[in-house]
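Structural overview for review
The residues making up each chain are set out below.
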Amino acid sequence: MKQPIFNRKNFTTAIVLYQNQDPRYIGTYTASEAASYLHLAPSTVRMWVFGTRDRTKRGAKSFESIVQPSETGVRLLSFINLVELHVLSAIRRHHRISLKKVRQSIAYIQKAFNTKHPLACQQLYTDGVDLFIDRFGELMNASNQGQMAIPEILQLYLQRIEWDERGWAYRLYPFARSSFSKSPKSISIDPCISFGQPVLAGTGIPTAMLAQRYVVGESISELATDYGCERLKVEEAIRYELALVA
């Protein structure tokens, strides 16, 4: 199916609508919580979102943030920020593009798309892909007939995002296993379900609740029966939560 033509006016209208009333833009997560959910180091998340300023023998050294918090003046991250960190993690982990280049490229795209959160917008990877390719030249690879293709690792991350009719992320399936390619979409994060906590996909059951009951001695079979869930899904939820505290 042909993708809709990119329309900056409609794009801007959607941004204003969402930022004024959408729970996806409300600061909900601490940097440590976001890091745990996405299997990132807390220091990395704080650096990417809030930047750093260190004093060295040669004077002050600062690191400007890459991801902008949805709410100004609040040191909490929104669901949209989680999605941005999820995508940024793919860019950094696999391609090892310098942070300087990543920051410059995102700043350029933010201006061109008139949004603070381009990494959480589906149109960046469809109608805006040429712009994305142009600014992240090292990241994108040419395929047949000169067409451009999003690398497999980034595609793997994008497949774990669900988009609404306007092209904005509304649900995220974080990786539950260290082997990303084999990690099922068993855990979901949705700002409209359980206050944005990770839950067993397709339910409102927080994974933390399942793990807590398991830790105090309840069996996986008992939990599966109580919640009417498949045993394998309960196991996956517990595996995910135990990895967060490891």
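Coordinates for the structure precede this section.
Residues numbered from 1 in each chain as written. Predicted model: local features only at pLDDT ≥ 70, side-chain atom pairs only at ≥ 80, totals over all residues. Heavy atoms only, no water.

Quick notes on the nonpolar core
Ranked by size, the top nonpolar core spans 60 residues in total, and within it Val45, Ile66, Leu85, Val87, Leu88 and Ile161 carry the most contacts. It is helix H4 (residues 79–95) that contributes the most residues to this core, 9 residues altogether. (Core = buried A, V, L, I, M, F, W, Y, C linked by side-chain atoms within 4.5 Å. Buried < 20%, exposed > 50% of the residue type's maximum accessible area, 1.4 Å probe, protein only. Helix = DSSP H or I, 4+ residues; strand = E, 2+ residues; numbered from the N terminus.)

Points about helix H8 (residues 207–215)
Listed in full, the buried residues belonging to H8 are Thr207, Leu210 and Ala211. Along the axis of H8, the buried residues cluster in a sector spanning 95°; they form a single face. (Arc of directions from axis to C-beta.)

A look at the packing of H8 against helix H9 (residues 220–227)
Put simply, H8 and H9 touch, their axes get as near as 10 Å, and they point 140° apart. By the angle between their axes, H8 is oblique relative to H9. As for the relative orientation of H8 and H9, their crossing is right-handed in sense. The segment H8 lies against H9, with Met209, Leu210, Arg213 and Tyr214 engaging Ile220, Leu223, Asp226 and Tyr227. (Axes fitted to C-alpha atoms, helices over the stretch in contact; angles between N-to-C directions. Parallel < 35°, antiparallel > 145°, perpendicular 65-115°, else oblique. Left-handed = near helix turned anticlockwise from the far one by under 90°. Contact = heavy atoms within 4.5 Å.)

Things to note about unusual backbone geometry
At histidine 39, a residue that is not glycine, the phi angle is positive and equals roughly 60°. Turning to its location among the elements, histidine 39 is positioned in the loop between helix H2 (31–38) and helix H3 (42–50).

Focus: the packing of aromatic side chains
Scanning all chains against the criterion turns up 3 aromatic pairs. Ring geometry for tyrosine 29 and tyrosine 37: centres 5.9 Å apart, planes at 85°, overall edge-to-face. According to the relative accessible area criterion, tyrosine 37 is buried, its value standing at 12%. Residues tyrosine 157 and phenylalanine 175 carry aromatic rings whose centres are separated by 4.9 Å and whose planes lie at 65° to one another, so their mutual orientation is edge-to-face. Note that tyrosine 157 is positioned in helix H7 (residues 152–158) and phenylalanine 175 in the loop between strand S6 (169–172) and strand S7 (187–188), a separation of 18 residues in sequence. Each member of the pair, tyrosine 157 together with phenylalanine 175, is buried. Sitting above the plane of the phenylalanine 50 ring, arginine 75 keeps its charged end 4.0 Å from the centroid. The ring of tyrosine 173 carries the charged tip of lysine 185 above its face, separated from the ring centre by 5.7 Å. (Phe/Tyr/Trp six-rings, centres within 6.5 Å; stacked < 30°, edge-to-face > 60°. Lys NZ or Arg CZ within 6 Å of the ring centre and 35° of its normal.)

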